[in-house]
Amino acid sequence: MMVEVIKQGILFEKTPIEFEDSGVLNPGVVQEGNIVHIFYRAVSFNNFSTIGYCKLEGPSTILKRNNTPIIVPEFEYESRGVEDPRVVKIDEIYYLSYTAYDGINALGALATSSDLIHWEKKGIIVPQLTYDEFNDLTDQKNILNDKYSRFNDQNHLQTNTNKEVLLWDKNLIFFPRKINGKFCFLHRIKPDIQILVSVESITDITKDFWQKYFLNFEDNILMSPKYDHEVSYIGGGCPPIETSEGWLFIYHGVKDSINGYVYSACAALLDLEHPNTEIARLPYPLFEPNRVWEINGEVNNVCFPTGTALFDDNLYIYYGAADERIAYASVSISALLKELKLNTIHHEKSKNV
């Protein structure tokens, strides 16, 4: 029996204010008691993105919504937009990761804060490689499936720009605490991976670090598509949630259809102390686009989960709906964990013996 998810509806939508008059979507969420802080992607004319802020009491009561963005592009690497924030609190510092877009390249960047108001940008922290450099380091022709080339070889763009065309690396998502004394985060290079990085300090993430990392690229792949609803590619969603059963990981899965790509919310479970180990995964979408606000929008057929809040046993999942509005759904976290435990990797293997 599938776990029951309740679609709660639209949380809020775009406004006539210039910075968010084309869409609001993909909210990063950090919860403190009964207060939920939402940092969302706000889109203006010509797909220019900034990050807006909204404060909730409980899962859905809006206390405050800023009428100006809280984070805006300041540097060349993000000159066309700051997109898709995710937020966690580690010790006493907030880590807001986002996609920096310069019109050609989309790369994971980081900002930190002690008060959720003033943010210090740390720059791009994912690898800055061309596709050819990635190909050489991974010796990809012998290891990885051909989708890497299909999704990432963008040499055709080189003739249209003076900028170097780099490998897109998005969905930069931190775990909400250090694990074995190290920062852990996920990032995604299409099509079929979540890649886990573990470092003692953010300053350890250097060009040399990434070169060694890619020489062992296959060992750093955490998850690959497995089921029909995620057959095209998968990517990070919400920051992992610590539970007694493991890290509950809400991610997105994408499949191609006659109506284009369909983005669904999916669920998996990772080992608490060894988060590079997948324990379980739902064999079906946690939820998928089936409401009008998810089916029709700036990009049709999208449920893109990016943040959660937990009230008693109810896990609220906040998501971008059709790339135009922010919606939310709820699920019993105990029921979801119980369902995941029926679909463990070990259990699945034993069924196939």
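All of these numbers come straight from a predicted model, not from anything done at the bench.

What counts and how
- Residues numbered from 1 in each chain as written.
- Predicted model: local features only at pLDDT ≥ 70, side-chain atom pairs only at ≥ 80, totals over all residues.
- Heavy atoms only, no water.
- Buried < 20%, exposed > 50% of the residue type's maximum accessible area, 1.4 Å probe, protein only.
- Helix = DSSP H or I, 4+ residues; strand = E, 2+ residues; numbered from the N terminus.
- Pairing = 2+ DSSP bridges.
- Axes fitted to C-alpha atoms, helices over the stretch in contact; angles between N-to-C directions.
- Contact = heavy atoms within 4.5 Å.
- Parallel < 35°, antiparallel > 145°, perpendicular 65-115°, else oblique.
- Left-handed = near helix turned anticlockwise from the far one by under 90°.
- Nonpolar A, V, L, I, M, F, W, Y, C, P; charged D, E, K, R; others polar.
- Salt bridge = Lys/Arg side-chain N within 4 Å of Asp/Glu carboxyl O.

Peer 1: What exactly am I supposed to notice about the pairing of strand β21 (residues 325–332) here?
Peer 2: Walk down a regular strand and you will see the side chains alternate between the two sheet faces. Among the eight residues that make up β21, seven are buried, leaving the element largely enclosed by the rest of the structure. Examined bridge by bridge, strand β1 (residues 5–12) and β21 share six bridges and lie antiparallel to one another. Note that in β21 the partner of Phe-12 across the bridge is Ile-326. Across eight bridges, strand β20 (residues 314–321) lies against β21 in antiparallel orientation. Counterpart to Tyr-318 in the pairing with β21 is Tyr-328.

Peer 1: Please clarify how the sheet that holds strand β12 (residues 194–199) should be interpreted in this entry.
Peer 2: Where strands meet in a sheet, backbone hydrogen bonds hold them as pairs that are either parallel or antiparallel. The four strands are arranged β10-β11-β12-β13 in an open sheet whose pairing can be described as antiparallel. With one partner strand each, in any of the chains shown, β10 (170–174) and β13 (221–223) form the two edges of the open sheet. Ignoring strand direction, the axes of neighbouring strands in this sheet form an average angle of 30°. With two bridges connecting them, β12 and β13 associate as antiparallel partners. Paired with Gln-194 across the bridge in β13 is Met-223. On the sheet, helix α4 (residues 207–215) packs against β11 (183–188) and β12 and is oriented at approximately 130° with respect to β12.

Peer 1: Is there a simple way to explain the packing of helix α1 (residues 131–138) against α4 in this structure?
Peer 2: In helix packing, the relevant descriptors are the interaxial angle and the interaxial distance, both defined with respect to the helix axes. Taken N-terminus to C-terminus, the directions of α1 and α4 make an angle of 55°; their axes are 7 Å apart at the nearest point. In terms of orientation, α1 lies oblique with respect to α4. Between α1 and α4 the crossing geometry is right-handed. Residues Phe-134, Leu-137 and Thr-138 of α1 form the contact with α4, whose own contacting residues are Gln-211, Phe-214 and Leu-215. In terms of residue class, the contact of α1 with α4 is built from four nonpolar, two polar and no charged.

Peer 1: Mind showing me how you'd approach the pattern of salt bridges here?
Peer 2: Two side chains that carry opposite charge are able to pair once their charged atoms sit near each other. This structure, assessed with the given rule, holds 17 salt bridges. Arg-177 is paired through a salt bridge with Glu-273; the nearest N and O atoms lie 3.3 Å apart. Separated by 96 residues along the polypeptide, Arg-177 in the loop between β10 and β11 and Glu-273 in the loop between β17 (260–270) and β18 (278–281) bring together distant segments of the chain. Of the residues examined, Arg-177 reaches a relative accessible area of 23% and is grouped as partly exposed. In this structure Glu-273 comes out as partly exposed when scored by relative accessible area, which is 34%. Among the ionic pairs, Glu-230 bridges to Arg-281, the shortest N-O distance being 2.6 Å. Of this pair, Glu-230 sits in the loop between β13 and β14 (233–236) while Arg-281 sits in strand β18, and the two are 51 residues apart along the sequence.

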